[in-house]
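Spelled out, the chains give:
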Amino acid sequence: MEQSWKKVLEEEFNKPYFETLTREVREAYLAGAVYPPPKLIFNALALCPFDAVKVVILGQDPYHGPGQAHGLSFSVPDGVRPPPSLQNIYKEIQSDLGTPVSPSGNLERWATQGVLLLNATLTVEKGNAGSHQGKGWEPFTDAIIKKISDDKKHAVFLLWGNFARSKAAFIDHTKHLILEAAHPSPFSAHSGFFGCKHFSKTNKYLREHNLKEIDW
């Protein structure tokens, strides 16, 4: 985890729920296959320092297939086929901005530009989606969202799907831009994700506040 986050989240690390969460997650890794690899659990916070955050893209929990999860929402490592939701994200970028679709599903290039790719739950059992929900990750990641909202100005929050949209309650809309749409999964992308133009709207907002645009 990058140093600035350790300072910002110091209070959370000392709370009882985090001690319980740490113990349960450690036991889960010892008991069987859990993703992402332990060293990548906080990858989103490692690649995007607190002071650098300009955009937040919120996912629900990590991919649960072998070799997919690496600590960034919607992202997969180089060499792994982009999952359907990410393919739809790329289609919307191409439609919105006219830029060609990247062959790689690795979104580290976004993270290093100030895009926090945050899952609400940071670990998952192999082949068991949502298996680590309710262990304590949600209060921790909610605290991250609140900290960004409280301590920063002019961040853009991209909330796709009902779960992500529920997090708008933690965000001060007078200081930040909240963009909501359907989830990019194949089941819902045609219900409002395609055509949302969130990527051009994000860059327009950043430009208006003298912040460097994201090269999507």
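In this text the structure is predicted, and so the values were computed from the model without any measurement. As a convention, each chain's residues are numbered from 1 in the sequence order in which they are written. Note on the predicted model: pLDDT of at least 70 is required for a residue's local features to be given, and 80 or more for side-chain atom pairs to be given and counted; whole-chain, interface and lining totals, by contrast, use all residues. For the side-chain quantities, the full set of heavy atoms in the structure was used; hydrogens and water were omitted.

A word on the environment of histidine 64
Note the following rule: Only DSSP runs of H or I reaching four residues or more are called helices, and only runs of E reaching two or more are called strands; each is numbered from the N terminus. Residue contacts follow a heavy-atom distance rule, with two residues in contact if any of their heavy atoms lie within 4.5 Å.
Looking at the element boundaries, histidine 64 is found in the loop between strand E2 (55-59) and helix H5 (84-97). C-alpha of histidine 64 to C-alpha of alanine 33: the two residues are 31 residues apart in sequence and 9.7 Å apart in space. If we ignore the near neighbours within four places in the chain, the residues touching histidine 64 are Tyr35, Val124, Glu125, Lys126, Gly127, Asn128 and Ala129.

Remarks on the layout of surface pockets
For clarity, the cut-off: We place a 1 Å grid over just the protein atoms. Points where a 1.4 Å probe fits but has no way out form a cavity, open points with protein on both sides within 12 Å along at least 5 of 7 lines form a pocket, and any residue with an atom within 4 Å of a point lines it. Grid points are joined across faces, edges and corners, and a volume is the space filled by probe spheres set on the points. Side-chain classes are defined by residue name, with Ala, Val, Leu, Ile, Met, Phe, Trp, Tyr, Cys and Pro counting as nonpolar, Asp, Glu, Lys and Arg as charged, and the others, Gly among them, as polar.
The volume enclosed by the largest pocket comes to roughly 440 Å³. Considering the residues around the largest pocket, the lining is formed by 21 residues, among which Asp61, Pro62, Tyr63, Ser85 and His183 are closest to the centre. When grouped by side-chain class, the residues that make up the lining of the largest pocket number eight nonpolar, twelve polar and one charged. Approximately 170 Å³ is the volume attributed to the second largest pocket. Lining the second largest pocket are Phe18, Thr22, Val25, Arg26, Tyr29, Ile41, Phe42 and Trp137. Split into classes, the residues belonging to the lining of the second largest pocket amount to six nonpolar, one polar and one charged.

Some points on the pattern of salt bridges
To be explicit about the condition: Counted as salt bridges are all cases of a side-chain nitrogen of Lys or Arg within 4 Å of a carboxyl oxygen of Asp or Glu. We call a residue buried when its accessible area falls under 20% of the maximum for its residue type, exposed when it is over 50%, and partly exposed in between, using a 1.4 Å probe and counting protein chains only.
Scanning the entire structure with this criterion turns up seven salt bridges. Of the charged contacts in the structure, one is a salt bridge between arginine 165 and glutamate 180, with a shortest N-O distance of 2.9 Å. One end of the pair, arginine 165, is in helix H8 (residues 162-165); the other, glutamate 180, is in strand E6 (residues 177-181), with 15 residues separating them in the sequence. A relative accessible area of 36% places glutamate 180 in the partly exposed class. One salt bridge in this structure joins arginine 207 and glutamate 213, with 3.1 Å as the shortest N-O distance.

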